[in-house]
Amino acid sequence: MIDHHRALIYAMVLTSASDGNMTDAELHAIGENIRFLPVFADFDPHKLPQVAGECGELLGATDGLDAAITMIKRSLPKSLRETAYMLACEVVAADRTASQEELRLLELLRHGLEVDRLTAAALERGARARYTVA
């Protein structure tokens, strides 16, 4: 088990790394979420590189992705599972393009966290609207 901060950060890092290209926009979104969202109020942002590295190590293991999603689910109360999915959606939306790998990761995360389809669609649309430009 990991704490809820790590679980939420893992969801964002998994999403950003899913296509093999962690963009500046995605990294910026992760940093902004950690600095400004109330769920991270008691998290030290200087620990982000360490936590991201832990997630990377987990991904490098056999069945790392499945293990990471299971760990995220087990570490979060039900009330924060939608938050984890929303944060993953924010990371995908941050660079205004969604790769097939990112979309597949969102699907795996949605199923793994047991976020229902309607809620997931609302969270996805909210993230898309937040990052839309004229």
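Residues numbered from 1 in each chain as written. Predicted model: local features only at pLDDT ≥ 70, side-chain atom pairs only at ≥ 80, totals over all residues. Heavy atoms only, no water.

Caption draft 1: View of the packing of helix α2 (residues 24-36) against helix α5 (residues 78-94). Between α2 and α5, whose axes approach to 8 Å, the crossing angle comes to 145°. Judged by the twist between their axes, the crossing of α2 over α5 is right-handed. Touching Ala-25, Glu-26, Ala-29, Ile-30 and Asn-33 of α2 are Leu-87, Glu-90, Val-91 and Ala-94, all from α5. Residues that form the contact of α2 with α5 fall into these classes: six nonpolar, one polar and two charged. (Axes fitted to C-alpha atoms, helices over the stretch in contact; angles between N-to-C directions. Helix = DSSP H or I, 4+ residues; strand = E, 2+ residues; numbered from the N terminus. Left-handed = near helix turned anticlockwise from the far one by under 90°. Contact = heavy atoms within 4.5 Å. Nonpolar A, V, L, I, M, F, W, Y, C, P; charged D, E, K, R; others polar.)

Caption draft 2: Just the packing of aromatic side chains, in detail. Counting across every chain of the model gives one aromatic pair. Residues Phe-40 and Phe-43 carry aromatic rings whose centres are separated by 6.2 Å and whose planes lie at 65° to one another, so their mutual orientation is edge-to-face. Taken individually, Phe-40 and Phe-43 each receive the classification buried, so the pair is uniform in this respect. (Phe/Tyr/Trp six-rings, centres within 6.5 Å; stacked < 30°, edge-to-face > 60°. Buried < 20%, exposed > 50% of the residue type's maximum accessible area, 1.4 Å probe, protein only.)

Caption draft 3: Inspection of the nonpolar core at higher detail. Ranked by internal contacts, the top residues of the largest apolar core, which has 40 residues, are Ile-9, Met-12, Ile-34, Phe-40, Ile-72 and Leu-109. Those elements giving two or more residues to this core turn out to be α1 (4-17), α2, α3 (48-60), α4 (64-75), α5, α6 (100-113) and α7 (117-130). When residues in this core are grouped by element, the largest group, ten residues, is from α5. Residue contacts for Ile-9: discarding those within four places in its chain leaves Ile-34, Phe-40, Phe-43, Leu-48 and Val-51. (Core = buried A, V, L, I, M, F, W, Y, C linked by side-chain atoms within 4.5 Å.)

Caption draft 4: How the structure looks around the pattern of salt bridges. In this structure the tally under the stated criterion is six salt bridges. Arg-6 is the partner of Glu-54 in a salt bridge, and the nearest nitrogen-oxygen pair spans 2.9 Å. Of this pair, Glu-54 sits in helix α3 while Arg-6 sits in helix α1, and the two are 48 residues apart along the sequence. Of the residues examined, Arg-6 reaches a relative accessible area of 16% and is grouped as buried. Put simply, Glu-114 and Lys-73 hold a salt bridge, and the shortest N to O gap is 2.8 Å. Within this pair, whereas Glu-114 is found in the loop between α6 and α7, its partner Lys-73 is found in helix α4, the two being separated by 41 residues in sequence. Relative accessible area serves as the criterion here: at 24%, Lys-73 is assigned to the partly exposed category. Shared partners join several salt bridges into a network, and the residues in it are Asp-3, Arg-6 and Glu-54. (Salt bridge = Lys/Arg side-chain N within 4 Å of Asp/Glu carboxyl O.)

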